[in-house]
Amino acid sequence: MSSANPRLRLSSPTDILAAVPFLIGFYPERSLVVIGLVGPAVRVTTRWDLPAESGALDGLLPLLKREQVTTVILIGYGPGSLVTAGVDEATRLLRTGGIKITESLRAADGRYWSYVCQRVACCPPEGVAYDPKASSIAAEAVVQGLVALPNRRSLERSVAPYQGKARVSMNRATDRAITSIRIALARGKPADIVADGIARVRTAIDVYAHGDRLNDDDAARLGLDLAIIRVRDEAWTLIDDRAAHLTLWRDLTRRLNPRHAAPAASLLAATAWRNGDCALATLALDRALTADPRYTMAVLLSRAIRNLLPPNVLRERMPTPEDLDREMGTPTMKWLSPLLTLLEEPSALAS
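Here's a quick rundown of the structure.

Procedures and definitions
Residues numbered from 1 in each chain as written. Predicted model: local features only at pLDDT ≥ 70, side-chain atom pairs only at ≥ 80, totals over all residues. Heavy atoms only, no water. Pairing = 2+ DSSP bridges. Helix = DSSP H or I, 4+ residues; strand = E, 2+ residues; numbered from the N terminus. Contact = heavy atoms within 4.5 Å. Axes fitted to C-alpha atoms, helices over the stretch in contact; angles between N-to-C directions. Polar contact = N/O pair within 3.5 Å; in protein donor to acceptor, adjacent residues only side chain to side chain. Buried < 20%, exposed > 50% of the residue type's maximum accessible area, 1.4 Å probe, protein only. Right-handed = clockwise from strand over helix to strand, strands pointing away.

1. Some points on the sheet that holds strand 5 (residues 111–114)
Remark on secondary structure: sheet strands pair via backbone hydrogen bonds, oriented parallel or antiparallel.
Thought 1: Overall, mixed pairing links the six strands, which are arranged 2-1-3-4-5-6 in an open sheet. The open sheet is flanked by strand 2 (41–49) and strand 6 (128–129), the only strands paired with a single partner.
Thought 2: When strand 3 (residues 71–77) meets strand 4 (residues 100–108), the two strands line up parallel, connected through seven bridges. In the sheet register, Thr-71 faces strand 4, and the bridge partner there is Lys-100.
Thought 3: Helix 1 (residues 13–24) rests against strand 1 (31–38), strand 2, strand 3, strand 4 and strand 5 of the sheet, and its axis sits at about 80 degrees to strand 3.
Thought 4: Packing against the sheet, helix 3 (residues 80–96) makes contact with strand 1, strand 3 and strand 4, and its axis sits at approximately 165 degrees to strand 3.

2. With respect to the environment of Glu-103
Thought 1: By the secondary structure assignment, Glu-103 is in strand 4.
Thought 2: Sequence separation of Glu-103 and Glu-53 is 50 residues, and the distance between their C-alpha atoms is 24 Å.
Thought 3: Aside from chain neighbours lying at most four places away, what touches Glu-103 is Pro-13, Ile-16, Val-72, Ile-73, Leu-74, Ser-114 and Val-116.
Thought 4: Within polar-contact distance, the side chain of Glu-103 engages the side chain of Ser-114 at 2.9 Å.

3. Description of the pairing of strand 4
Thought 1: Within strand 4, seven of the nine residues are buried, which leaves the element mostly enclosed by the surrounding structure.
Thought 2: The β-α-β motif built from strand 3, the intervening helix 3 and the parallel element strand 4 has right-handed crossover chirality.

4. Let's talk about the side chain of Arg-232
Thought 1: Turning to its location among the elements, Arg-232 is positioned in helix 9 (residues 229–238).
Thought 2: Of note is the side chain of Arg-232, whose polar atom sits 3.1 Å from the side chain of Tyr-295.
Thought 3: Ignoring any residue separated from it by four or fewer positions in sequence, one finds Arg-232 in contact with Leu-226, Pro-263, Leu-267, Tyr-295 and Met-297.

5. Some remarks on unusual backbone geometry
Thought 1: Look at the link from Leu-50 to Pro-51: it is a cis peptide, with omega at 0 degrees.
Thought 2: With respect to the secondary-structure elements, Pro-51 resides in the loop between strand 2 and helix 2 (60–66).
Thought 3: Phi at Arg-30 takes a positive value of approximately 45 degrees, unusual for a residue other than glycine.
Thought 4: As for its placement among the helices and strands, Arg-30 is situated in the loop between helix 1 and strand 1.
Thought 5: The phi angle at Leu-308 is positive, at roughly 60 degrees, despite the residue not being glycine.
Thought 6: Structurally, the position occupied by Leu-308 is in the loop between helix 13 (296–306) and helix 14 (312–315).
Thought 7: Given a relative accessible area of 8%, Leu-308 falls into the buried group.

Structure follows, in structure tokens:
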């Protein structure tokens, strides 16, 4: 779902089909895509797998109403036997809500058909051939910094844990970070541990803002620091429109020991959701909940995305770091409990 799309002029079905992969982040298959507009501007884009589960589209109308959408474009990807039922259900809901459908398409195998056009001259029974990658819309989207991966599997791979030599190197770095934290715990106070973690969060954001990357030791240590809720929340409150946040949290989600990835993956999800990329946010949350099925931040974000809430619902309520300090008070050993739990786990090299 997106509510902040760059300007792309969509004047034909081919333009629409060329724009969709860049609006959702990948070339869809077996999907229903809904583009909501306010006047000529795209306000929101959202996607469902087909066949849609019972009740899956129930949140569509409230979403469009909340975003003040006036007209909608529907696009179904796949064979007619799969797509038509989903398009019919979406059409019924939209008509119930009084929202106009300006175009309704089915696309498959390089051809498209319109559900609203009955003119054989422009919409023949055999469909109309199109090439989304050859469209000027695709070139314009790339210029505006948009990316369209080949398919959803490519998006899944973009958040998958690293394997091979990279994993071995990070496992060794994680063991070194665990040793370092144990020494710090023996010598320092909870306030010192928390302050050091917060400082590492801010340093990491600056590193990625300058186009650089944390080394394995710094990445592993930050991954452990994020187990402390106050440290993770510092990172959450600092998320803004800079690309550094997406790059940083995607990198850590992939590099960290999978058992330690819940905080970084949740921060990646929060960043992606803020950017309107619900597909990436959902995959990041899958990583977080695989690491810890009860991780509160991931559960909260999952519910918000499942209910099609816009990201500003949480963004407008986010505290500042100063608010966190006032509300949470002085760090105690209890703050470190999630971190201590990680330290008690088996060696990273044994995973």
